[in-house]
Amino acid sequence: MKTLIKGGRLIDPANKTDAYLNLLLENGRVALVTGGCPAADETVDASGRIVCPGFIDIHMHEDPVGSDGKIRVKVFDCMLKMGVTTAVGGNCGSAKYDPAAYLDIVERDGAPVNVAMLAAHSYFRHRAGVKSRYDASTEEQRQRIEKLTADALSRGCAGVSFGLRYVPGTDADEFNRVVRCVSGTGKIITAHVRNDAAYVFESIKEAADAALAAGVPLEVSHIGSMAGFGQMKDTLRLTDEYRMNGLDITLDCYPYDAFSTSLGSATYDDGWLERYGCGYDVLEFCEGEFAGQRATEETFRKVRRELPSCVTVCHVMLENEVELALMSPSVMIGSDATLNEQGGHPRASGTFPRVLRFAREGKLSLYSAIEKMTSMPASRLGLSAKGRLNAGADADIVIFDPDTITDRATFEEPFAAPEGIDRVIIGGQTAYKDGVTVCGRLGQAVRIFNKN
């Protein structure tokens, strides 16, 4: 079947294109880019709309797998509705299932979007028998972690993710050994670095020095929630310095001034109030007895003791710091999306349309916004057929109205779908149209094998 998308403004930063050109799709790929109107079985009128590659979310947290072996879709559905066609899970060292086996499930059942996975260090650390995040691993356990990581990479995981903040027991030797598992593969490491706020500089240096020594590319995760407290300018200068001296380093960021994590995580260990210079009321509960309420010292201690898995939102970052990150040419967009049944952070439903709204408001150019959501993450991951719309590329496409696109998700209604997205196409077929999911199984497993 041939589909013609005509009349739209095609923005494709990977090919340095911003022009009124039509796309002919066939067999899941772009067959032709033309100013003409070739014959097709279906014609999509994109007049007055932007046509661009499907968005790639380089940093999100995948849906869980149920006892029946099927993915419990929630986050991926939100991804589709905001124009994401490829999502990367297994971030921050955390995974909800064996990452390579997760790809097997997607391959078998499909998903709302294409799915890539990272080999999650903390997940394999637990699999290797390290009982506590505060415990150092033994030599035998370190060898087991390395073996599990190498196996996941050989089965198509896109790289290795670390959540050093969440596993204080990971020492330099363990970290460096797992980083070296990526050497020679052409793949990346991603890092939720060991500390934030005033401690972010030494934390980035730790990750950058390890990556430089191993000769692997580094993606610094959600920099807004690591350096968005007055350290952003100097943090970007530090990463630029590393890049200019030979390290392949980039960063990602979501467009919100609040982060989200579970209440039982090491982020909220003693000292967090002093680190952020705040009171308990910056913390908002997303589930349980106090859902939707701000914390007090009493409720904080009660919920952390009784429901440590409780998802929270912490309103501590500075808006201007986050915007500074978004404007940097080294920073791409990643939602850091995670949801449970009751809710979570609105970034899971609003990140990409919110960035496009920022573009309309003049905070960055439309072209740059699209670049940060398409060609930059595709290049970072080595996805040569995604994040672009030249002939031969995968037909993963978003069509949206630049005048109306906006996020609607809020902290009170985190599942609210955005406005202004006309159509999302995955593999040449319509997955989402005019606010309705047409097919939620078009996504495929994205495996990346050794590139060197």
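Above this text you will find the structure in question.
Just so you know, these numbers come straight off a predicted model, no measurement behind them.

K.L.:
How do you make sense of the sheet that holds strand 6 (residues 42-45) when you look at a structure like this?
P.N.:
Whether parallel or antiparallel, the strands of a sheet pair through hydrogen bonds between backbone atoms. Reading across from one edge, 5-4-1-6 is the order of the 4 strands in this open sheet, with mixed pairing throughout. Of all strands in the sheet, those bounded by a partner on one side alone are strand 5 (29-34) and strand 6. Taking the axes of each pair of neighbouring strands and ignoring which way they run, one obtains an average angle of 20° across the sheet. Strand direction decides the pairing type here: strand 4 (residues 22-26) and strand 5, joined by 5 bridges, are antiparallel. Its bridge partner lying in strand 5, leucine 24 is registered against leucine 32.

K.L.:
Looking at this structure, I do not really get the packing of aromatic side chains. What am I missing?
P.N.:
The geometry of an aromatic ring pair comes down to the distance between the two centres and the angle between the two planes. All chains considered together, the criterion is met by 13 aromatic pairs. Between the aromatic rings of tyrosine 268 and tryptophan 272, the centroid separation amounts to 5.1 Å while the plane-to-plane angle is 80°, which identifies the pairing as edge-to-face. Across the pair, exposure class does not vary: tyrosine 268 and tryptophan 272 are buried alike. Above the ring of tyrosine 254, the side-chain terminus of arginine 347 is found at 4.7 Å from the ring centroid. The aromatic ring of phenylalanine 358 is capped on one face by lysine 363, whose charged end is 4.3 Å from the ring centroid.

K.L.:
Help me understand unusual backbone geometry in this model?
P.N.:
Keep in mind that most residues, glycine aside, have a negative phi and that most peptide bonds are trans. Within the chain, histidine 222 stands out as a residue other than glycine whose phi angle is a positive 30°. In this structure, histidine 222 sits in the loop between strand 14 (218-220) and helix 7 (224-227). You will see that aspartate 336, though not glycine, has its phi angle at about 55°, which is positive. Positionally, aspartate 336 belongs in the loop between strand 19 (331-333) and helix 12 (347-360).

K.L.:
For this particular structure, what's the right way to read the nonpolar core?
P.N.:
Buried together is how nonpolar side chains tend to be arranged in soluble globular proteins. Grouped together as the largest cluster of nonpolar side chains are 118 residues, with contacts concentrated most on Met79, Leu218, Ile223, Trp272 and Phe400. For this core, the element with the most residues is helix 6 (residues 200-214), which contributes 7 residues. Leave out the neighbours within four places in its chain, and isoleucine 223 touches Ile204, Gly228, Met232, Thr235, Leu251, Asp252, Cys253 and Ala325. Core analysis: the next-biggest nonpolar cluster, separate from the first, contains 14 residues, Ile58, Val88, Ile188 and Ala378 among them.

K.L.:
Help me understand the sheet that holds strand 16 (residues 259-262) in this model?
P.N.:
Here 3 strands make up an open sheet; going across it, the order is 16-18-17 and the pairing antiparallel. Of all strands in the sheet, those with a lone pairing partner are strand 16 and strand 17 (283-285), marking the two edges. When the angles between neighbouring strand axes are averaged without regard to direction, this sheet yields 30°. Inspection of the sheet shows strand 16 paired to strand 18 (residues 311-314) by 4 bridges, in the antiparallel sense. For serine 260, the partnering residue across the bridge sits in strand 18 and is valine 313.

Criteria and cut-off values
Residues numbered from 1 in each chain as written. Predicted model: local features only at pLDDT ≥ 70, side-chain atom pairs only at ≥ 80, totals over all residues. Heavy atoms only, no water. Pairing = 2+ DSSP bridges. Helix = DSSP H or I, 4+ residues; strand = E, 2+ residues; numbered from the N terminus. Axes fitted to C-alpha atoms, helices over the stretch in contact; angles between N-to-C directions. Phe/Tyr/Trp six-rings, centres within 6.5 Å; stacked < 30°, edge-to-face > 60°. Buried < 20%, exposed > 50% of the residue type's maximum accessible area, 1.4 Å probe, protein only. Lys NZ or Arg CZ within 6 Å of the ring centre and 35° of its normal. Core = buried A, V, L, I, M, F, W, Y, C linked by side-chain atoms within 4.5 Å. Contact = heavy atoms within 4.5 Å.

Such coordinate-based values are descriptive only and should not be taken to indicate function.
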